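Residues per chain are reported as follows:
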Amino acid sequence: MLRGACAAEFVGHGAFGIMTKAAWVPYFGVLGIPPEVAWMLMPLVGTVDVTIGLLVGIVRPIRVVLLYMVVWGFLTATLRPLAGEPIWEFIERIPNWAIPLAFLCVRGPGRSRHDWLS
Amino acid sequence: MGFVRLEWLLRLAVAGAFVGHGAYGAVLAKSSWFSYFAAVGIPESVVTAHGLITLVGVAEIVAGVMSLVLPIPALLVLMAGWKIFSELLRPIAGEPAWEFVERASNIVAPLALLVLLRARARLQKIRPRAWADR
């Protein structure tokens, strides 16, 4: 259940990047990236999201990838209020990082480098 | 992370999804919600006359706060059902299907909490001493 949610969240989010979405431009702006570069980066960011989602959903829920999902989910949710959107956008997206974190907790933290990569 | 911390993480996730979404109705009265009501055949005039956007928003906030304070299993089932229904309204209203797919975590959060609560109840029944140590 948690695995499916993590995969769908990233595939769905990534799809918007591949399709390119005007609403994303201000998020890049928060990081100092100008609109023309933002439009070029969106498909790249989207492709990474979709790849990560498919990796976790179909291939294997690797711990370090789940940790990436936690960090990325938190960062992207944080960018919204920083870009001037209401704080509720961040609050509504708590599951975006909490669910990968819960999945990571269920799998258990890695005790070695090999654990984190498996 | 033990059972208790995981439970609180999921409580926070459920509460966040509902309070955050509910605020768009109760606090901001987001106009895009009219299209979701229209998707189930409720016209804008009826929504405005009865304050349905505020009503739904407040109900979501109340449910979200309750899931944080007192996550009753029946409430969590209701919340999961509501999330599936309300998120499905997005593609029905003409938004891309990815809007639904992207929100899978919001749908799964109450279900995951429900599963955890049931597992905890079983553990408490079978091994009360082991549970007391957690």
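Heads up: the structure comes first, above all this text.
Small disclaimer: the values here were computed from a predicted structure and weren't measured. (Residues numbered from 1 in each chain as written. Chains lettered and ligands numbered in written order. Predicted model: local features only at pLDDT ≥ 70, side-chain atom pairs only at ≥ 80, totals over all residues.)

(A) Layout of the overall build of chain B. Summing up its helical and strand segments, chain B has eight helices and zero strands in all. Projecting the C-alpha coordinates of chain B onto the three principal axes gives extents of approximately 60 × 25 × 20 Å. In chain B, buried positions account for 36% of the 134 residues. If you take every contact in chain B between residues at least 6 apart in sequence, the share linking residues at least 24 apart comes to 73%. (Helix = DSSP H or I, 4+ residues; strand = E, 2+ residues; numbered from the N terminus. Buried ≥ 20, exposed ≤ 12 C-beta atoms within 10 Å, placed from the backbone. Contact = placed C-beta atoms within 7 Å.)

(B) Quick peek at the interface of chain A and chain B. Counting residues at the interface gives 23 residues for chain A, matched by 24 residues for chain B. In terms of residues, the side of chain A that touches chain B owes the most to one element, helix α1 (residues 2-19) of chain A, which gives 10 residues. Along the lines of polarity and charge, the residues of the side of chain A that touches chain B split into 17 nonpolar, four polar and two charged. (Nonpolar A, V, L, I, M, F, W, Y, C, P; charged D, E, K, R; others polar.)

(C) Structural context of the packing of helix α1 (residues 3-26) of chain B against helix α4 (residues 52-69) of chain B. All names here are of chain B. Where α1 meets α4, the closest approach of the two axes is 7 Å, and the angle between their N-to-C directions is 160 degrees. When the interaxial angle is binned, α1 and α4 end up roughly antiparallel. Like other packed secondary-structure pairs, α1 and α4 cross with a definite hand, here left-handed. Here α1 contributes R11, L12, V14, A15, F18, V19, H21, G22, A23, Y24, G25 and A26 to the contact with α4, which in turn contributes I53, T54, V56, G57, V58, E60, I61, A63, G64, V65, S67 and L68. Partitioned by chemical class, the residues of the contact of α1 with α4 number 15 nonpolar, seven polar and two charged. (Axes fitted to C-alpha atoms, helices over the stretch in contact; angles between N-to-C directions. Parallel < 35°, antiparallel > 145°, perpendicular 65-115°, else oblique. Left-handed = near helix turned anticlockwise from the far one by under 90°.)

(D) Structural context of the nonpolar core. By size, the foremost hydrophobic cluster in this structure holds 51 residues, and its most contacted members are C6, I99 and A102 of chain A together with A13, V14, V108 and A109 of chain B. Per-element tally for this core: the top contributor is α1 of chain B, with 11 residues. Dropping the residues within four chain positions of it, A102 of chain A is found in contact with L2 of chain A together with L6, L9, L10 and A112 of chain B. (Core = buried A, V, L, I, M, F, W, Y, C linked by C-beta atoms within 7 Å.)

(E) Main features of the environment of K83 of chain B. Residue and element names in this part refer to chain B. Structurally, the position occupied by K83 is in helix α5 (residues 73-92). Taking the number of C-beta atoms within 10 Å as the measure of exposure, K83 has 24 and is therefore buried. Counting along the chain gives 21 residues from K83 to A104, while the straight-line C-alpha distance between them is 9.3 Å. Those residues in contact with K83, other than ones at most four positions away along the chain, are N106, I107 and P110.

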